[in-house]
Amino acid sequence: MLRLAPPLLVAATCPAVNTDGFPLRRRILALLPLASRRSSSRALRSASGILRMPPVAVLSPERAIQRGASEKGEAGEEYDAIVIGSGIGGLVAATQLAAKGARVLVLEKYVIPGGSSGYYERDEFTFDVGSSVMFGFSDKGNLNLITRALAAVGHKMQVIPDPTTVHFHLPGELSVRVHREYNDFIEELISKFPHEKVGINKFYDECWKIFNALNSLELKSLEEPIYLFGQFFKKPVECLTLAYYLPQNAGDIARKYIKDSQLLSFIDAECFIVSTVNALQTPMINASMVLCDRHFGGINYPVGGVGGIARALADGLVTKGSNILYKANVTNIILKDGKAVGVRLSDGREFFATTVISNATRWDTFGKLVKTDEIPEEEKNFQRVYVKAPSFLSIHMGVKATVLPPETDCHHFILEDDWANLERPYGSIFLSIPTVLDSSLAPEGHHILHIFTTSSMDDWKGLNSKDYEKKKELVADEIISRLENKLFPGLKNSIVLKEVGTPKTHRRFLARDSGTYGPMPRHIPKGLLGMPFNTTVCEKSPFDIFRLVILLIEYRFAKVRVLDLQAIDGLYCVGDSCFPGQGVIAVAFSGIMCAHRVAADIGLEKRSPVLDAALLRLLGWLRTLA
Ligand SMILES: NC(=O)c1ccc[n+]([C@@H]2O[C@H](COP(=O)([O-])OP(=O)(O)OC[C@H]3O[C@@H](n4cnc5c(N)ncnc54)[C@H](O)[C@@H]3O)[C@@H](O)[C@H]2O)c1
Ligand SMILES: CC(C)=CCC/C(C)=C/C=C/C(C)=C/C=C/C(C)=C/C=C/C=C(C)/C=C/C=C(C)/C=C/C=C(\C)CCC=C(C)C
C-alpha cells in the first residue's frame, strides 16, 4: 500500500519555523498516511490500477537500512556509486547502475523521492509538485525513456493517454490545441495560418527528421567512445543528421520557412513551455524531441499521479539490492588527492564510494558541495554560457468541479494580450488540471488546478514573513483573476483549497539554488553544443597531442586512470544542468548516459581508455566553442 514517511519522523525533523509560510501543523498533517481519509479515492485508484502495481512504498530511512543500507563504520562498506539527490535524473542513474549489478546508495535530503517530480497530499487531494506533462512514457520506439527506466527495475505503470498536450490561449484570440494526432494538430494550425501552409509543413517535417534519427538510436552515453563510434557505424546517416543539428536552434530553422510574425511567436511559445526561452534560444534537437514525441508516443499521465514514477524507481532500486536514505542532507563531497571518494552529511555521517554522482544543480554542486579553492575550468565555461533560469510561483488549488466547462483540456498555456510578455516574470500562465485525466487525485466533485508562472528569487528577497505572506496572496490573487477572466468565470468562488509556493519554496523543498528551474542560455547558444555531459572533464585543445601521448604512456605503464583527465576524478553530474537540459525525459536521458559512463569506469561495461582519453578531450574542446 502507498504510504508516506512516518509522521513522527517527519515531525521530528521538520524545523519549528517553516520559512516558506506553510503552517507546520498542516505540513505534518498532510504527511499523515491518508488511508483512513480517502477510502473513496483509493477504491478509484485500485479500480484504475495503481494499487495493482508491484507494491511501491516510500522508503523510510528505517526501511532502507533494514534492507541493507549501511554506513561506513558499521560495515566499513564502500559503494560503487553514491548519488546525491533522488530527482528523476538521480534515480534513473542509480537504477540503471543497480540493474547492471552496481551497489548504489542514493542520499535524499527530503522525506520522499522525486524532487521536482515528487508529490504532496493535502486533505484528499494529491498534487504533483511540478509538471504533469509526461513525455517519453509510451510503449513505442526508443525514446520512451521513462517507460524504459521503470522496466529496467521491473516496474510498469498504468498510464492515461492525454488527447491534447496543451491548449494555447494566445494574443489576438489565437487558440490552438495541440492534438495527440499529428494531422489534427497540423490541420488546426494551418486553419489559423492558411497562407503559411508550406512553411508549417516544412518546419515540422524538419523536426520529424531529427526525431526519427534520435528514435532510431540505442540511447547511451555520448561520452563513451565504443558505443558512440558503434552507433556511427550502424546508423551513419542518423548520427550525421544529429551531429549537423547539434549546434542549431529551432528559431533559426523556423525562420527559413515561416515569415508570419504571429506564427513565429507561436513557435516561440511552443519552445518556451519546455525551455523557458524563445525558439531562437532553444536547441533544435530538444525542440524536435518534444514537438514530435507528443504525437509519436503521445503524452501519457501515470495513474495515481506523477509521484508514482519516483516511488516506483526508488522501490526498484532497493529490489535490485541498492539503497536510498531520506533526510540525508549532503553538505560536502569528500575529495582525496583531487578525487571524489565520498560524501559528508549535515549530521556528520560519512559514506564512501568509488564514484560520486551529483543530482544537485551544477550551481549547488560546484558552489556548495565541492569545497575547492577554484571552480574547475569546465564549470567556468558552463557558467559563461548558461545562467540560472528563473523559478516559479506555483498555486495548487482544489476547486469545485462545476466551475470547469465540459470538455476542458488538461493543460493550458495562457498569454493574453501581448507577445512581448511571453518571457517576462508572471507574463504567461501554465495551468494543468490532472484530474481531467485521473479523477482519483481529488475528492468526488472536485478538480485540482496547478497554476504556475515564472518568478525570480530577487522578487521575494528581503521581505519579513508578514509581507511575504501578503505578497504571496496578492500575486496569486492576480493570477487567479486572470484565469477567471480568460477561462473559468466564477473560479474564485469555487476554491476549496489553495497553497501558494514561491521561488523560496522551490529552493527550500527542491534544494535548488535560487529555486531555479534549470539552466538557460545566457545569449543565443550554439544549440546543445555547450551543454556538459556527465563527467567533469577539463577543456584542453584536442590538438594538445603531446599531453595526450604522455597521458596514454602514463596509463599504459603506470595504470593511471585515464579519467584523471577529469577536473574532479570520480565526480559526475546528472540532471537538468547536464546535456540535454530541462525536462523529466531530458533528465532521464542524462541519468541513462551517466550510468553508462560510470559503469564503464567501474568496469561493468566495455571501455577503451585510449579512446576515452581522446573522446573526452575532444568533447571538452567542442564545448569551448559554444
Ligand atoms: N521545477 C519544476 O516545477 C519542475 C516540475 C516537474 C519537473 N521538473 C523537471 O525536473 C527537472 C529536474 O530534475 P532533476 O533530476 O535534475 O532534479 P530535481 O531537482 O528534480 O531533484 C534533485 C533532488 O536532489 C535532492 N538534493 C539536492 N541537493 C541535495 C543534497 N545536498 N543532499 C541530498 N539531496 C539533495 C533534492 O532534494 C531533490 O530531490 C527539471 O529540469 C524540470 O524539467 C521541474
Ligand atoms: C557527441 C557528438 C559531438 C556528436 C554525435 C552526434 C550524435 C550521435 C548526437 C546524439 C544526440 C542525442 C542522442 C541527443 C538526445 C537528445 C534528447 C534525448 C533530448 C531530449 C530532450 C527533451 C526535452 C528538452 C524535454 C523537455 C520537456 C520539458 C521541459 C517539459 C516541460 C513541461 C512543462 C513545463 C509543462 C507545460 C505545462 C503546461 C503547458 C501546463
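To be clear, the structure that these remarks concern was listed above.
Since the model is a prediction, treat every value here as computed from it, not as a measurement.

Asker: Would you mind going over the overall build of the protein with me for this structure?
Answerer: Looking only at helices and strands, the protein features 21 helices and 20 strands. Counting across all 626 residues of the protein, residues that qualify as buried make up 60%. Intrachain contacts of the protein at a sequence separation of at least 6 include 76% that bridge at least 24 residues. If you sum the accessible surface of the protein, you get close to 23600 Å²; carbon and sulfur atoms cover 56% of it.

Asker: Any chance you could explain the site of ligand 2 here in plain terms?
Answerer: What surrounds ligand 2 is a group of 33 residues, the closest being Leu214, Ile273, Val274, Val290 and Leu431. The protein chains hide 95% of the 1000 Å² of surface that ligand 2 would expose on its own. Residue assignment for the shell around ligand 2 shows that the elements contributing at least two residues are helix H10 (236-245), helix H12 (261-275), helix H13 (284-298), strand E15 (411-414), strand E16 (429-432), helix H20 (584-601) and helix H21 (609-624). With four residues, H13 is the largest single contributor of residues to the shell around ligand 2.

Asker: It is not clear to me how the sheet that holds E16 should be interpreted in this structure. Could you clarify?
Answerer: One key point about sheets: their strands pair by backbone hydrogen bonds, in either a parallel or an antiparallel sense. What the seven strands build is an open sheet, ordered E7-E6-E15-E16-E17-E14-E18; its pairing is mixed. With partners counted over all chains shown, the strands left at the sheet margins are strand E7 (174-179) and strand E18 (495-501), one partner each. The sheet shows a mean angle of 15° between the axes of neighbouring strands, direction not considered. As defined by bridge partners, strand E6 (residues 164-170) adjoins E7 across five bridges and the pair is classed as antiparallel. Following the sheet pairing, Leu170 is matched in E7 by Leu174. On the sheet, helix H18 (residues 503-510) packs against strand E14 (391-400), strand E17 (446-455) and E18 and is oriented at approximately 95° with respect to E14.

Asker: Before we go on, may I ask you to explain the site of ligand 1 in this structure?
Answerer: Surveying the vicinity of ligand 1 reveals 31 residues, the closest of which are Glu108, Ser116, Arg512, Asp576 and Gly583. Here an oxygen atom of ligand 1 sits 2.9 Å away from a polar atom, N or O, in the main chain of Gly89. In this structure, Asp576 approaches ligand 1 through a side-chain N or O atom, which is 2.6 Å from an oxygen atom. Coverage of ligand 1 by the protein chains reaches 96% of its 870 Å² of free accessible surface. Of the residues that constitute the shell around ligand 1, the class distribution is 12 nonpolar, 15 polar and four charged. Taken domain by domain, the makeup of the shell around ligand 1 includes at least three residues from each of domain 1 (57-160 + 300-378 + 517-626) and domain 2 (390-515).

Asker: Help me understand the pairing of strand E3 (residues 119-122), please; the structure alone is not making it clear to me.
Answerer: Consecutive side chains along a regular strand alternate between the two faces of the sheet. Because side chains alternate across E3, one face comprises the buried residues Tyr119 and Glu121, and the other comprises Tyr120 and Arg122, equally buried. Pairing between E3 and strand E4 (residues 125-128): four bridges, direction antiparallel. Bridge pairing links Arg122 to Phe125 in E4.

Asker: Looking at this model, I keep getting lost on the side chain of Asp601. Mind explaining?
Answerer: Structurally, Asp601 is set in helix H20. A distance of 2.6 Å separates the side chain of Asp601 from the side chain of Tyr572, its partner in a polar contact.

Asker: What is the right way to read the packing of helix H7 (residues 182-192) against helix H8 (residues 197-216) from this model?
Answerer: The description of two packed helices rests on the angle between their axes and on the distance between the axes. Interhelical geometry of H7 versus H8 gives an angle of 145° and a closest axis separation of 10 Å. In terms of crossing hand, the pair formed by H7 and H8 is right-handed. Here Tyr182, Phe185, Ile186, Leu189 and Ile190 of H7 come into contact with H8, specifically with Lys197, Ile200, Asn201, Tyr204, Asp205 and Trp208. Here the contact of H7 with H8 is composed, by residue class, of eight nonpolar, one polar and two charged.

Asker: Hey, could you run me through the packing of aromatic side chains in this one?
Answerer: Between two aromatic rings, the relevant description is the distance of the centres plus the angle of the planes. Tallied over the full model, the rule gives 23 aromatic pairs. Between Phe392 and Tyr517, the ring centres sit 5.0 Å apart and the planes meet at 85°, which makes this aromatic pair edge-to-face. Here Tyr517 lies in the loop between H18 and strand E19 (519-521) and Phe392 lies in strand E14, a separation of 125 residues in the sequence. A relative accessible area of 27% places Tyr517 in the partly exposed class. A connected cluster of aromatic rings, assembled from ring pairs, spans Phe168, Phe266, Phe272, Phe392, Phe413, Phe430, Phe452 and Tyr517. Its guanidinium or amino end placed over the ring of Phe185, Arg294 lies 4.9 Å from that ring's centre, counting from NZ or CZ. When the ring centre of Tyr468 is taken as reference, the NZ or CZ atom of Lys504 above it lies at 4.9 Å.

Definitions and limits used
Residues numbered from 1 in each chain as written. Chains lettered and ligands numbered in written order. Predicted model: local features only at pLDDT ≥ 70, side-chain atom pairs only at ≥ 80, totals over all residues. Heavy atoms only, no water. Helix = DSSP H or I, 4+ residues; strand = E, 2+ residues; numbered from the N terminus. Buried < 20%, exposed > 50% of the residue type's maximum accessible area, 1.4 Å probe, protein only. Contact = heavy atoms within 4.5 Å. Areas by Shrake-Rupley, 256 points an atom, 1.4 Å probe, with all protein chains shown as cover. Near = heavy atom within 4 Å. Pairing = 2+ DSSP bridges. Axes fitted to C-alpha atoms, helices over the stretch in contact; angles between N-to-C directions. Polar contact = N/O pair within 3.5 Å; in protein donor to acceptor, adjacent residues only side chain to side chain. Nonpolar A, V, L, I, M, F, W, Y, C, P; charged D, E, K, R; others polar. Domains from an automatic or database assignment. Left-handed = near helix turned anticlockwise from the far one by under 90°. Phe/Tyr/Trp six-rings, centres within 6.5 Å; stacked < 30°, edge-to-face > 60°. Lys NZ or Arg CZ within 6 Å of the ring centre and 35° of its normal.

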